[in-house]
Protein chains: 2
Amino acid sequence: MSAEDTQWEPPLVTVTVDLVIFTVRDGALHVLLIDRGIEPYLKYPALPGGYIDKGETLEEAALRELHQETSLDARTLHLEQLRAYSDPQRDPRGRVITVAYLALGPDLPLPVGGSDAAAAYWAPVSDALARQLAFDHAAILRDGLEHARSQLEHTTVAAAFCTEPFTISDLRHIYEAVWGFKLDPSNFRRKVTRTDGFLEPTGQHHLPQTGRPALLYRRGKAATLSPPLLRTSQASILNGNLTDQPPFEGP
Amino acid sequence: MSAEDTQWEPPLVTVTVDLVIFTVRDGALHVLLIDRGIEPYLKYPALPGGYIDKGETLEEAALRELHQETSLDARTLHLEQLRAYSDPQRDPRGRVITVAYLALGPDLPLPVGGSDAAAAYWAPVSDALARQLAFDHAAILRDGLEHARSQLEHTTVAAAFCTEPFTISDLRHIYEAVWGFKLDPSNFRRKVTRTDGFLEPTGQHHLPQTGRPALLYRRGKAATLSPPLLRTSQASILNGNLTDQPPFEGP
DNA sequence: TGAATAGTGTCTATTAGACAATATGCT
DNA sequence: AGCATATTGTCTAATAGACACTATTCA
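Residues numbered from 1 in each chain as written. Chains lettered and ligands numbered in written order. Predicted model: local features only at pLDDT ≥ 70, side-chain atom pairs only at ≥ 80, totals over all residues. Heavy atoms only, no water.

## What about the overall build of chain A?
Point 1. For chain A, the count of helices and strands is six helices and nine strands.
Point 2. Across the 251 residues in chain A, those meeting the buried criterion constitute 48%.
Point 3. Of all intrachain contacts in chain A linking residues separated by at least 6 positions in sequence, the fraction that spans at least 24 positions is 65%.
Point 4. For chain A, the exposed area adds up to about 12700 Å²; of that, 50% sits on carbon and sulfur atoms. (Helix = DSSP H or I, 4+ residues; strand = E, 2+ residues; numbered from the N terminus. Buried < 20%, exposed > 50% of the residue type's maximum accessible area, 1.4 Å probe, protein only. Contact = heavy atoms within 4.5 Å. Areas by Shrake-Rupley, 256 points an atom, 1.4 Å probe, with all protein chains shown as cover.)

Structure, rendered in structure tokens:
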């Protein structure tokens, strides 16, 4: 580099944060999208986000945007940095680097018409992936989805999707929604109950529409899952999700 | 946000990339450091890095810096983004956001006195962690180390530390240097040889100073390791690294 | 009672850890 | 031969997948 050249000044760039906010509703993974009210990409769906302010960290900016978009207390949400996106052409207005954040939360109240976002709404992730999103948000969404799926293998963040208290079935439905295939209830229960600190029993019961009452739990203190709870290729075969598998040849 | 306010302009920030460059030499993990030649943090050790140029991606900037610091063809190195650091106070000169990259490479030639870096040198990571580094580079180094350790569990990047062709012992020494404890040679061999695409046998042999000749391998095409090769707490107990373990009570 | 969901038990296959045993070069 | 390292094999413990079975509630 040439930081000491007499006349040289480092280039200045605009920095934004973009949020991939996931929740599970009606058994399906949803992502928060807004329809853009301004150019470029007018009326295209996009991830919520905004410029970073002076004097705040990227995480603070992400929390601020999160609060603005969801009107939710950000303390109840899980937030983590995904990565930075820096293609010089990613914004037609000029050089804008964005840092994407992943937020996971329980079934949230529908965001009220935000301050400036034209319209914010929950979209099923399968729909969002199929639509054309503004900027490079399709890639960011794909990365966020893959990161979330991977996080469920190695950490206890799945519980961040649940409203406390919750049942083991609730938790399993989270995994099924995020991973996109069904899990064996018995083996799933064994795994999560034997992982110290994943679940904290409340002693209370939940009465479902029909069937035996289920024990209710709260999130435990453990953050990681070791050994991990892996999505093996087997799981999708054995549970009927054959989308990525070669056809099965019967005997 | 208020992007549409008539007078409002988004704040501009300076963006840098910083590199955590690891290699294994003499059986120990080393990181590339420079001694700063300018204020602030004059004469403090720091991670190599520099400003991003107009029109280049962060990754291109990282590759450019990497080449400048190591004089090495960056194509032989593994490079991946770590995360962004954005504390407004992290640089006393003003608002500078940095994106850290992790680079892994085989035992590299000692970098020649770089263009402007006062002095670049390989430091054992244990030493580097104990020293006071410039800016928030100590935190970046810690994050980079933990990320590298975790990557070795789930991917085949360990082979990026090896000069081809290499033996299974060479590869095991990488794991031992990065993780900081010894592995069972027999079980390690079983794991890596049974992972399809990790190693590609060359048919050639390597003659060690003493002992039976070892088969030589090249990197295979597989990128991930599933199931992963986990560093369990057991491994450190059973191999004599008791730093984080409670004392063993004999019968 | 039967439907529906929660929860338990069990068998088997896979994998990892411990470690013995064998192989092959060198001095 | 004896040493050092590579490589193979074997036993055991832990874990996951498959799935049968029992438990509890309501209609």
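That was the structure; now back to the text.
## Looking at the relation of the copies chain B and chain A
Point 1. Mapping chain B onto chain A calls for a rotation angle of 180° and an axial translation of 0.0 Å; the resulting RMSD is 0.0 Å. Classification of the inter-copy transformation places it as that of a two-fold axis.
Point 2. By residue overlap, the copies meet face to face through one surface: 97% of the interface positions of chain B are interface positions in chain A. (Least-squares fit on C-alpha atoms with pLDDT ≥ 70 in both.)

## Focus on the interface of chain B and chain A
Point 1. With 38 residues of chain B at the contact, the number on the chain A side is 37 residues.
Point 2. With both sides pooled, the region where chain B packs onto chain A buries about 3200 Å², and carbon together with sulfur makes up 63% of that total.
Point 3. The interface formed by chain B and chain A contains zero salt bridges.
Point 4. Secondary structure elements with two or more residues in the side of chain B that touches chain A: strand S1 (12-25), strand S4 (49-51), helix H1 (58-70), strand S5 (78-85) and strand S6 (96-104) of chain B.
Point 5. Among the elements that take part in the side of chain B that touches chain A, S1 of chain B stands out by supplying four residues, more than any other.
Point 6. Of the residues contributing to the side of chain B that touches chain A, the split by class is 19 nonpolar, 10 polar and nine charged. (Buried area = accessible area lost by both parts, 1.4 Å probe. Salt bridge = Lys/Arg side-chain N within 4 Å of Asp/Glu carboxyl O. Nonpolar A, V, L, I, M, F, W, Y, C, P; charged D, E, K, R; others polar.)

## Some words on the environment of glycine 55 of chain B
Point 1. Tracing the backbone through its elements, the reader meets glycine 55 of chain B in the loop between S4 and H1.
Point 2. Take glycine 55 of chain B: its relative accessible area is 57%, and that puts it in the exposed class.
Point 3. Dropping the residues within four chain positions of it, glycine 55 of chain B is found in contact with Pro88 and Arg95 of chain A together with Glu60 of chain B.

## Structural notes on the packing of helix H3 (residues 137-154) of chain B against helix H4 (residues 168-179) of chain B
Residues and elements named next belong to chain B.
Point 1. Remark: H3 packs on H4, axes separated minimally by 10 Å, with the N-to-C direction vectors making an angle of 145°. Regarding H3 and H4, the two cross each other, and that crossing is left-handed. Listed contacts from H4 to Leu145, Ala148, Arg149, Leu152 and Glu153 of H3 are Ile174, Tyr175, Val178 and Trp179.
Point 2. Among the residues making up the contact of H3 with H4, the classes are represented as seven nonpolar, no polar and two charged. (Axes fitted to C-alpha atoms, helices over the stretch in contact; angles between N-to-C directions. Left-handed = near helix turned anticlockwise from the far one by under 90°.)

## Focus on the packing of aromatic side chains
Point 1. Taken as a whole and assessed by the stated rule, the structure comprises 12 aromatic pairs over all chains.
Point 2. Their ring planes at 65° and their centres at 5.3 Å tell us that tyrosine 175 of chain B and phenylalanine 188 of chain B sit as a pair that is edge-to-face. Taken together, the residues span a long stretch of sequence, with tyrosine 175 of chain B in helix H4 and phenylalanine 188 of chain B in helix H5 (residues 185-194) at a distance of 13 residues. Across this residue pair, the class does not change: tyrosine 175 of chain B and phenylalanine 188 of chain B are buried.
Point 3. In textbook terms, an aromatic cluster arises when at least three aromatic residues are bridged by ring pairs, as seen for Tyr175, Trp179, Phe181 and Phe188 of chain A.
Point 4. Looking at arginine 83 of chain A, its charged tip hangs above the ring of tyrosine 85 of chain A, at a distance of 4.3 Å from the centre. (Phe/Tyr/Trp six-rings, centres within 6.5 Å; stacked < 30°, edge-to-face > 60°. Lys NZ or Arg CZ within 6 Å of the ring centre and 35° of its normal.)

## With respect to the pattern of salt bridges
Residue and element names in this part refer to chain B.
Point 1. One pass over the structure, following the stated rule, counts 22 salt bridges over all chains.
Point 2. A salt bridge links glutamate 56 to arginine 64, with the nearest nitrogen and oxygen atoms 2.6 Å apart.
Point 3. Residue class for glutamate 56 comes out buried when judged on its relative accessible area of 9%.
Point 4. Here glutamate 146 makes a salt bridge to arginine 231, at a shortest N to O gap of 2.9 Å. With glutamate 146 in helix H3 and arginine 231 in the loop between strand S9 (214-219) and helix H6 (233-238), this residue pair connects regions lying 85 residues apart in the sequence.

## Digging into unusual backbone geometry
Point 1. Of note, the amide linkage connecting glutamate 39 of chain B to proline 40 of chain B takes the cis form, showing an omega dihedral of -5°.
Point 2. Within the secondary structure, proline 40 of chain B is located in the loop between strand S2 (28-35) and strand S3 (45-46).
Point 3. Here serine 226 of chain B and proline 227 of chain B are connected by a cis peptide whose omega angle stands at 5°.
Point 4. The phi dihedral of phenylalanine 135 of chain A is positive, around 50°, even though this residue is not glycine.
Point 5. With respect to the helices and strands, the residue phenylalanine 135 of chain A is situated in the loop between helix H2 (125-130) and helix H3 (137-154).
Point 6. We note that aspartate 26 of chain B has phi near 55°; this positive angle belongs to a residue other than glycine.
Point 7. Relative to the elements of secondary structure, aspartate 26 of chain B occurs in the loop between S1 and S2.

## Observations concerning H4 of chain B
All names here are of chain B.
Point 1. Between its first and last C-alpha atoms H4 spans 16 Å; for 12 residues at 1.5 Å apiece the expected length is 16 Å, and the two agree.
Point 2. Within H4, nine of the 12 residues are buried, leaving the element largely enclosed by the surrounding structure.
Point 3. For H4, every residue scored as buried is listed here: Ile168, Leu171, Arg172, Ile174, Tyr175, Glu176, Ala177, Val178 and Trp179.
Point 4. Turning to H4, the residues buried within the fold contact S1, S2, H3, H5, strand S8 (199-206) and S9.
Point 5. Glycine 180 occupies a position one or two residues after H4 and carries a positive phi of about 85°. (Expected span 1.5 Å × (residues − 1).)

## Considering the pairing of strand S6 (residues 96-104) of chain A
Residue and element names in this part refer to chain A.
Point 1. With nine of its nine residues buried, S6 lies for the most part within the structure.
Point 2. Going residue by residue along S6, you find Val96, Thr98, Ala100, Leu102 and Leu104 tucked away on one face and Ile97, Val99, Tyr101 and Ala103 tucked away on the opposite face as well.
Point 3. Where strand S1 (residues 12-25) lies against S6, nine bridges are found, and the strand directions are parallel. Among the inter-strand pairings, valine 15 is bridged to a residue of S6, identified as isoleucine 97. (Pairing = 2+ DSSP bridges.)

## What to know about the side chain of threonine 98 of chain B
All names here are of chain B.
Point 1. Structurally, threonine 98 is set in strand S6.
Point 2. In terms of polar contacts, threonine 98 uses its side chain to reach the side chain of threonine 16, at 2.8 Å.
Point 3. For threonine 98, the side chain forms a polar contact with the side chain of aspartate 18, separated by 2.8 Å.
Point 4. If we skip the residues at most four places from it in the chain, threonine 98 touches Thr16, Val17, Asp18, Arg83, Ala84, Tyr85, Arg90 and Ile140. (Polar contact = N/O pair within 3.5 Å; in protein donor to acceptor, adjacent residues only side chain to side chain.)

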